[in-house]
Amino acid sequence: MDRRDLLRAVAALPLLRAASPDQAFAQGYPARNITMIVPFPAGGQADLAARPVAMALERILGKPVIVDNRAGGGGGSVGNAAAARAEPDGYTLLMTLSSLAVLPEADRLFDRPVAYEVSQFMPIARVLADPTLLAVPVSAPWKTAQDFIEDAKKRPGQITYGSSGPYGTLHVAMEMFANSAGIKLLHVPFRGAGPALTALLSGTVQAIAAAPGTLKPQVDDGKLRVLGNCGARRIASFPEVPTFQELGYKDVEMYIWAGLFAQSSLPAPIATRLREAMAQVMTSPDVLKTFEASGSLVAYQDAPEFSRFVADDSARLIAAVKKIGRVE
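Residues numbered from 1 in each chain as written. Predicted model: local features only at pLDDT ≥ 70, side-chain atom pairs only at ≥ 80, totals over all residues. Heavy atoms only, no water.

Caption draft 1: Region of the structure containing the pairing of strand β7 (residues 186-189). Bridge count for strand β6 (residues 160-163) against β7 is four bridges, and the pairing is parallel. Across the sheet, Y161 pairs through a bridge with H187, a residue of β7. Where the polypeptide runs from β6 across helix α7 (residues 169-181) and back to β7, its parallel neighbour, the crossover connection is right-handed. (Pairing = 2+ DSSP bridges. Helix = DSSP H or I, 4+ residues; strand = E, 2+ residues; numbered from the N terminus. Right-handed = clockwise from strand over helix to strand, strands pointing away.)

Written out as structure tokens, the structure reads:
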């Protein structure tokens, strides 16, 4: 079985388990507060997704849903691992990013103990799915992506960029771009996209790849300039920004999706209750308005479709990480 087949099988496991409900276990859920772990500091894509979703879930489920920003490790590994180890009772959820499947592979690449496995999680719903965008300060000399690339070729390893941690989504996006463009950049990892963005605004680093919702307020305030789009198509919030594929870098395609997960052994009735609640959340006018205002449009998928999406996207990202190799 190759990696793609394995990931498809893993993604299907939670759905197969859902065929044997334990109604007694789920009776009365939820009876107390729910914790939604976000494995990054405030200010990044996962946090952007979590807060309006948590507020809407509170109204639907009738119990507080507390966002717990549990940052640490590279690219969110500490929070992801904490959620994987939690009791599978529906009271500890995880709002995480596309790096979920990449981080275990990075651990194996460096011969480190694997903090968690993707098979420990059950996809509940996808919330957002945005392409990563290359952004620089408005004071930077680069007006276009080609300006940036030409300068980087003249000064290998001298242009710095920030990320949410080694092999996190932002790191992989920038290395994918750098490899395709034939340039070498200097990676400066932070604990999340929020701190990396702060470093960019303060001049500590010179570039970042991040989600539209993370960048848009700073672009609207005239502080940042977006040079390129890692998606296959231009997006409504930045329609003037070309994709890297348009510019001739065909291997650059990277999305920063955010989705809600629980533990793979979560009883089926609780999983069903959460899926039904998320279907309501993702059609809530307040939630839709919040995401639209941020520049990140809702990209909802229910568990079966989301499971297939995770399998496909993870296979592509793992291949990218192996191509990047051991990069600090």
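Caption draft 2: Examining the side chain of T243 more closely. Tracing the backbone through its elements, the reader meets T243 in the loop between β9 (224-229) and β10 (255-263). Classification of T243 as buried rests on a relative accessible area of 1%. Ignoring anything within four residues of it in the chain, the contact list for T243 reads N229, G231, A232, R233 and R234. (Buried < 20%, exposed > 50% of the residue type's maximum accessible area, 1.4 Å probe, protein only. Contact = heavy atoms within 4.5 Å.)

Caption draft 3: Spatial organisation of the sheet that holds β10. If you walk across this open sheet you meet the six strands as β2-β1-β3-β10-β4-β11, and the pairing is mixed. Only two strands of the sheet have a single partner each, and these edge strands are β2 (65-69) and β11 (298-302). For this sheet, the mean inter-axis angle between neighbouring strands, taken without regard to orientation, is 20 degrees. For strand β4 (residues 121-131) and β11, the ladder comprises three bridges, and the chain directions are antiparallel. In the strand pairing of β11, L128 is matched with V298. (Axes fitted to C-alpha atoms, helices over the stretch in contact; angles between N-to-C directions.)

Caption draft 4: Seen up close, the packing of aromatic side chains. Within the structure shown, the criterion is met by eleven aromatic pairs. Centroid distance W257 to F261: 6.2 Å. Interplanar angle 35 degrees. Geometry classified as tilted. For the pair W257 and F261, a shared accessibility class is recorded, and that class is buried. Their ring planes at 50 degrees and their centres at 5.2 Å tell us that F261 and F306 sit as a pair that is tilted. (Phe/Tyr/Trp six-rings, centres within 6.5 Å; stacked < 30°, edge-to-face > 60°.)

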